[in-house]
Amino acid sequence: MHTQSACVHPGSATSAHAAGDAGTSMMFLVVATILLLQLPLSAYTSGDAACFLSRGTSVRKEGDVVIGAFFTLFTYFSLSGVTDIKPSGDFYLPQLMPHNYQNVLALVYAIEEINRNPQLLPNVTLGYEFHSFLHSHWRAMSSSLLVLTGENDIPNYTCRRESASVAVLTGASWENAAQFGTLLELYKLPQLAFGSFNPRLSDKGRFPSLYQLAPKDTALALGMVSLMLHFGWTWVGLVVTEGQKGLQFLSDMRAEMDRNGVCIAFVKTFSNTIVSYMAVTRGHDFLTKETPPVNVVVLYYDTDSLNEVNYHVGQQLVTWRVWVTNSQWHADMAGRNLMLDSFHGTLIFSHHHEEIHSFKTFIQTVNPSRYLEDNLLALYWFKSFDCSLSDSNCALRDCALNASLTWLPVNRFDPATSDEGYNIYNAVYAVAHALQEMLRQQVQTQPVEYGDVAVPSPWQLHPFLKNAQFYNPVGDEVNLNDNRKLDAEYDIVNFWNFPEDAERCVKCPDHQYANTQHSRCLDKSVTFLAYEDPLGKALAATALCLTFLTAGVLGLFVKHRDTPVVKANNRGLSYTLLVSLAFCFLCSLLFIGRPNTATCVLRQTTFGVVFTVAVSTVLAKTVTVVLAFKVTAPGRKVRRLLVSGAPNSIIPICSLIQLTLCGIWMGTSPPFIDTDAHSEHGHVIIVCNKGSLTAFYCVLGYLGSLALGSFTVAFLARNLPDTFNEAKFLTFSMLVFCSVWVTFLPVYHSTQGKAMVAMEVFSILASGAGLLGCIFAPKCYIILLRPERNSLSRSAKASQVRAQREPVPPAPQLSLGPEPRDRAALNTRD
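So, here is what we can say about the structure in this document. (Residues numbered from 1 in each chain as written. Predicted model: local features only at pLDDT ≥ 70, side-chain atom pairs only at ≥ 80, totals over all residues. Heavy atoms only, no water.)

## Considerations on the nonpolar core
In terms of nonpolar packing, the biggest core is built from 74 residues, with Leu107, Phe130 and Leu405 touching the most fellow members. Listed by contribution, the elements that provide at least two residues to this core are strand 2 (65–71), helix 3 (101–115), strand 5 (126–132), strand 6 (167–170), helix 9 (357–365), helix 10 (375–384), helix 11 (419–445) and helix 12 (462–466). Considering each element in turn, this core owes the most residues, 13 residues, to helix 11. Other than its neighbours up to four places away in sequence, Leu107 contacts Ala69, Phe71, Tyr128, Phe130, Leu169, Ile424 and Val428. In this structure, Val613, Val615, Leu703 and Ile782 belong to the second largest nonpolar core, which totals 62 residues. (Core = buried A, V, L, I, M, F, W, Y, C linked by side-chain atoms within 4.5 Å. Buried < 20%, exposed > 50% of the residue type's maximum accessible area, 1.4 Å probe, protein only. Helix = DSSP H or I, 4+ residues; strand = E, 2+ residues; numbered from the N terminus. Contact = heavy atoms within 4.5 Å.)

## Considerations on unusual backbone geometry
Located in the positive-phi region is Leu121, a residue other than glycine, with phi close to 55°. In this structure, Leu121 sits in the loop between helix 3 and strand 5. What makes Leu121 buried here is its relative accessible area of 4%. For Asn123, which is not a glycine, the phi torsion comes out positive at approximately 65°. For Asn123, the position within the fold is in the loop between helix 3 and strand 5. Accessibility expressed as a relative area gives 60% for Asn123, which makes it exposed.

## What to know about the pairing of strand 22 (residues 672–676)
Judged from the 5 bridges that link them, strand 22 and strand 23 (residues 683–689) form a sheet pairing that is antiparallel. If you follow Asp674 over to strand 23, its bridge partner there is Val687. (Pairing = 2+ DSSP bridges.)

## A closer look at the sheet that holds strand 22
Read across the sheet, 3 strands follow the order 21-23-22 without closing on themselves; strand pairing throughout is mixed. A single partner strand is all that each edge strand has here, and the edge strands are strand 21 (525–527) and strand 22. Adjacent strand axes in the sheet meet at a mean angle of 30°, parallel and antiparallel pairs treated alike. (Axes fitted to C-alpha atoms, helices over the stretch in contact; angles between N-to-C directions.)

## Details of the sheet that holds strand 1 (residues 58–61)
With mixed pairing, the 6 strands of this open sheet are ordered in space as 1-5-2-6-7-8. Strands with a single pairing partner mark the edges of an open sheet, and in this sheet they are strand 1 and strand 8 (210–212). Here the average twist between neighbouring strands, direction ignored, is 20°. Taken together, the 3 bridges between strand 6 and strand 7 (residues 191–193) define a ladder with parallel strand orientation. Across the sheet, Val168 pairs through a bridge with Gln191, a residue of strand 7.

## So, the environment of Val526
Relative to the helices and strands, Val526 is located in strand 21. Taking the relative accessible area as the measure of exposure, Val526 reaches 49% and is therefore partly exposed. It is 7.1 Å that separates the C-alpha atoms of Val526 and Ile686, two residues lying 160 residues apart in sequence. Not counting the four nearest positions on each side in its chain, Val526 is found in contact with Arg594, Val684 and Ile686.

## Observations regarding the packing of aromatic side chains
This structure, assessed with the given rule, holds 25 aromatic pairs. Arranged with centres 6.2 Å apart and planes meeting at 25°, the rings of Phe359 and Phe362 form a pair that is stacked. One end of the pair, Phe359, and the other, Phe362, are both in helix 9, 3 residues apart, so they sit about a helical turn from each other. The same class applies to Phe359 as to Phe362, namely buried. Relative to Tyr697, the ring of Phe696 has its centre 5.2 Å away and its plane inclined at 65°; by these criteria the two rings are edge-to-face. Among the aromatic residues, ring-to-ring pairing joins Phe607, Phe611, Trp665, Phe696, Tyr697, Phe737, Trp741, Phe744 and Tyr748 into one connected group. Seen from the ring of Phe696, Lys690 lies directly overhead, with NZ or CZ sitting 5.0 Å from the centre. (Phe/Tyr/Trp six-rings, centres within 6.5 Å; stacked < 30°, edge-to-face > 60°. Lys NZ or Arg CZ within 6 Å of the ring centre and 35° of its normal.)

## Notes on the pairing of strand 5
Taking burial as the measure, the 7 residues of strand 5 include 7 buried ones, the bulk of the element. In strand 5, alternate side chains face the same way, and those of Leu126, Tyr128, Phe130 and Ser132 on one face and Gly127, Glu129 and His131 on the other are all buried. As defined by bridge partners, strand 1 adjoins strand 5 across 4 bridges and the pair is classed as antiparallel. Bridged to Val59 within strand 5 is Phe130. Bridge count for strand 2 against strand 5 is 7 bridges, and the pairing is parallel. Residue Val65 lies in a different strand from strand 5, and its bridge partner there is Leu126.

Have a look at this one:
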């Protein structure tokens, strides 16, 4: 360690004091720097993130043949600018770049897809290893040693027991390729660059083992100028990054704009080198007040820096400008470093390629429990899904249940395949096709099975990679020969940023809900219309009370079965109606309590059948009244129908039709248990899904048609005379019944969750109570409170008095002949 002495210039006491303060501050920084340099990389992150980084930033999955890769998953800030100590050594502040993790997933997905393909490399399993690349001049060489030897500081010796990679994927820039590419070239290790195309890397004299996957970008300037001409933009500003590619783009844009008469308002450049520690705290406006005002700005960003930039744009300077940029724009879309509020409507030139549709499905299944060896995925999960860590082994706990990367907003993770991700996908397939061809030739010269072939040396792949040309699984052509590469085709993507604090927001799954602080997802409680609920208790108590009341009425009628008021209008039908009403009230209990498969099926079929019996009984009673008043002679056909009990056959016929409808319903699409996670906040409601709504409405519609028929017949017979004629009561009961169910339909569809079930139970009880009250309340009143009116002589005398006082007019709608002379006798018929 070298030390420096502080020299104080002689002078005034003030100067000496100031110099002393400066020396003290410098000494503090020196001491702090020396202490920091003794710490590992993981010490400069948060304590939780350090737990993961201490386990390493390299991941390996074994296979017969292994493919390596370098990815930039962190951005590092050096100590440059803090002190005058040279060099600043290994002191970095790592910061996770979440959107770059898609490159890792593209590698894993491609290898797993090839391993599942029996037509490509049968009996050979591909593995992978990838390392988080440290972007710095003094780290480039040690990073490359990880792939070659398994260690980062022991050249010419291998410390690994497992097989080395046969090829390495890298997004290397020109600067990095010139450094570690030279070292990898000594081992003839194939390097497949998945970054943007760089013409300088096509120099096979310097980089004979390097292959570029990206198409050429020579037409980018032409495409952007064509867009300007299309919209009539003739006054345009240019902002480009420094470096060879930025200068080449600037040269191409100048030529195209001059050729087409588009004027350049200004040219601004900004650095894309590694960001210093001091640069973190200060922004850089590449558009200032002195910049000429323009409405259109072309922004070209090069991925060679492999770091996020920290350039701030004054919103008052760029609002309502149109920004045209290339697909390599990697600004921090979380909004921490770049004010994207001003970049509404950005037009992005992106390389055209087919979408890997199954890749999104794969992303949905990715989680740390599936890839235990990937510490970086666990770190990403920890930062994205508000997990906690165990104290012993750095294991994730209390994460959002069934969390998925697809929950994250696009500014944190974009499931669409990026340009680099697509190039990685093609690079893996290029290596696989090269291996396939090499092993095929080995089998032809040496008759052995694939499983007996030794792991090939990296240099053996070059003859097959140089001429690799194939179609990938999505149908795009892949060509590794730079001389035969075509110019890229572009998609122009319109990007809109809607300002919102979405970087920390994760959508909770259906079975969870956000707490009041919106910081965690809490499990929803399971609920249903239970007997313990006040509403459930009220409905169940009402159902039981109505059932006991119906049973009481039935007992009363049985006790007074020989009285005229009971015998009138067919005593047997009255018994049937009362029994069916009791079952109607009891069937409502099937709707209360925790649903299961049995209750879901029984509640609908029981409801439909017992109500059909009740309504068809009312229809039979109404028909009985009409036939009773149409009997004129003992031999008449109508009298024979009445005596034979033909109206009673209405009940089994109507019930059989309803049973048939219910059978078809249960056989095609029966009800089943379902959950409703949206009706009540914080609750998951267990409900019975009706299965087929068409069948449900057919059952309800058939029941409604019976009710409407009963109401119509009863309404026409309401003026038929006699003391015990119940046609008026039947009319009023069916009016109540129809009114309840007509009201039920709109209210039922406007409710959700437990309220919907409660509405159905209420309609069952209300309609059943309407039938019970309207038909049997007047009879019970006579039996219990006016027994003197419950006699045949009293009713006959009353009829004679009424006939002498006012003749009864015939009912023209139903009249088939003169009225019978002894109506009282007919009314007492069973």
